[in-house]
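An overview of the molecular structure
In case you want the letters, here they are:
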Amino acid sequence: MFTQHAAASSWLTGFTVCLSLIVSIGAQNLYVLRQAVQGQHVRACVAWCVASDALLVALGVAGMAQVLGRSPTLAHALQLGGALFLLAYGLFAWHRAFFAPDAGLNASGGERVARGVLGVLSGLAVITLLNPHVYLDTVVLIGSIGARQDGWLKWVFVLGAASASLTWFVVLAFAGRRLQGVFANPRAWRVLDTLTGAMMFVLAWWVWQGA
């Protein structure tokens, strides 16, 4: 009974901590939302996000969080890099909104140009793995909490975090499909890109302030 209670507690901790961090609007979430609205390789995107979150959290639990925690210089560099990444992502979004509003639309109008699964996942991989702020969330913050669990309960914690990631991205994919009618209008894409840019600038400022 004690073992079951401890496992349930570790799983719930991993689920809650991970969900509280990934629900915030970020570059990865917006990328998945856009793919869901377009109806392109959504399941592959969800699978990638869940797998990458689980791997990064597992690395933190296995000891990477402690390594980064003992290196303030590296942690500072990750924060600055994350701020610059978010700033660049915001600028690209505003470029699409204000200077290239029809980028990605075909000549027949209204429909986004389809991309292969490798092209979609490579873009998602860049957003996930080259964003230093992702490592602060998954490896440092979540990983350091998971590392405090006893023995095999660390991996129950990782499972809970992966479950939270799966839950969130499935909900995000479902929401994107429900919004397909709204985004049949190209003007809606410009609004989304404008809001995306603004969100990324706010996040970049917040990360920069914490550096």
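Keep in mind that this is a model prediction, so the values were computed, not measured.

What counts as what
Within every chain, residues take consecutive numbers counted from 1 along the sequence as written. Reporting of local features is limited, given that this is a predicted model, to residues whose pLDDT is at least 70; pairs of side-chain atoms are given and counted only at 80 or more, and all residues count toward the totals for whole chains, interfaces and linings. Neither water nor hydrogens contribute to the side-chain values; these are computed over all heavy atoms in the structure. Where helices and strands are cited, they refer to DSSP runs of H or I of at least four residues and of E of at least two residues respectively, numbered from the N terminus. Reported accessibility uses the Shrake-Rupley method at a 1.4 Å probe radius. Residues are deemed covered only where the shown protein chains occlude them. Between the rings of Phe, Tyr and Trp (Trp by its six-membered ring), a pair exists once the centres lie within 6.5 Å; its type follows the angle of the planes, with under 30 degrees stacked, over 60 edge-to-face, and the other angles tilted. Throughout, exposure labels follow a simple rule: accessible area from a 1.4 Å probe, protein chains only, divided by the maximum for the residue type, with under 20% read as buried, over 50% as exposed, and the rest as partly exposed. UniProt positions are given in the numbering used here, feature names are shortened, and annotations may be inferred rather than shown by experiment. Working definition of a nonpolar core: buried Ala, Val, Leu, Ile, Met, Phe, Trp, Tyr and Cys residues. They are joined through side-chain atoms within 4.5 Å. Contacts are assigned to residue pairs that have any heavy atoms within 4.5 Å of one another. Think of a patch as exposed residues, more than 30% relative accessible area, with no salt bridge, where like charges cluster within 9 Å and nonpolar side chains (Val, Leu, Ile, Met, Phe, Trp, Tyr) cluster within 5 Å. Salt bridge, as applied in this entry: a Lys or Arg side-chain nitrogen positioned within 4 Å of an Asp or Glu carboxyl oxygen.

1. Quick look at the overall build of the protein
Looking only at helices and strands, the protein has 8 helices and 0 strands in total. In the protein, the succession of helices and strands from N to C terminus is α-α-α-α-α-α-α-α. Roughly 11000 Å² of accessible area belongs to the protein as shown, and the carbon and sulfur atoms make up 71% of that amount.

2. Some points on the packing of aromatic side chains
Inspection of every chain in the model, using the stated rule, returns 3 aromatic pairs. When the ring of Trp11 is compared with that of Phe15, the centres are 5.1 Å apart and the planes differ by 20°; the resulting orientation is stacked. With a gap of 4 residues between them, Trp11 and Phe15 both fall in helix α1 (residues 2-22), about one helical turn apart. Looking at Trp11, the relative accessible area reads 30%, which means it is partly exposed. Residue Phe15 is classed as buried on the basis of its relative accessible area, which comes to 17%. Seen from their ring centres, Trp94 and Phe201 are 4.7 Å apart, and the 85° between their planes marks the pair as edge-to-face. Taken together, the residues span a long stretch of sequence, with Trp94 in helix α4 (residues 72-98) and Phe201 in helix α8 (residues 186-210) at a distance of 107 residues. Since its relative accessible area comes to 30%, Trp94 is described here as partly exposed. Each member of the aromatic cluster is reached from another via a ring pair, and the members are Trp94, Phe98 and Phe201.

3. Re the UniProt feature "transmembrane region" (unreviewed entry) in the protein
Sequence positions flagged by UniProt for "transmembrane region" (unreviewed entry) are, in local numbering, residues 12-33, 45-68, 74-92, 113-135, 155-176 and 188-208. Across residues 74-92, helical content stands at 100% and strand content at 0%; the span's end C-alpha atoms are separated by 27 Å. With 100% helix and 0% strand, residues 188-208 has its two end C-alpha atoms placed 30 Å apart.

4. Things to note about the nonpolar core
Counting residues in each nonpolar core, the largest one holds 42 residues, and the members touching the most others are Val32, Val57, Tyr89 and Phe169. Secondary structure elements with two or more residues in this core: α1, α2 (27-38), α3 (42-69), α4, α5 (117-129), α7 (153-178) and α8. In this structure Phe169 touches Gln28, Asn29, Val32, Val46, Cys49 and Asp53, once residues within four positions along its chain are discounted.

5. Observations concerning unusual backbone geometry
Peptide bonds are trans in most cases, and residues, glycine excluded, mostly fall at negative phi. The backbone phi angle of His41 is positive, close to 50°, even though this residue is not glycine. With respect to the helices, strands and loops of the structure, His41 is situated in the loop between α2 and α3.

6. Describing a nonpolar patch on the surface
On the surface, Leu84, Leu87, Leu91 and Trp208 cluster together to form a nonpolar patch covering roughly 400 Å² of accessible area. The biggest single contributor to the nonpolar patch is α4, with 3 residues. Within the secondary structure, Leu87 is located in helix α4. The class for Leu87 is partly exposed, based on a relative accessible area of 36%.

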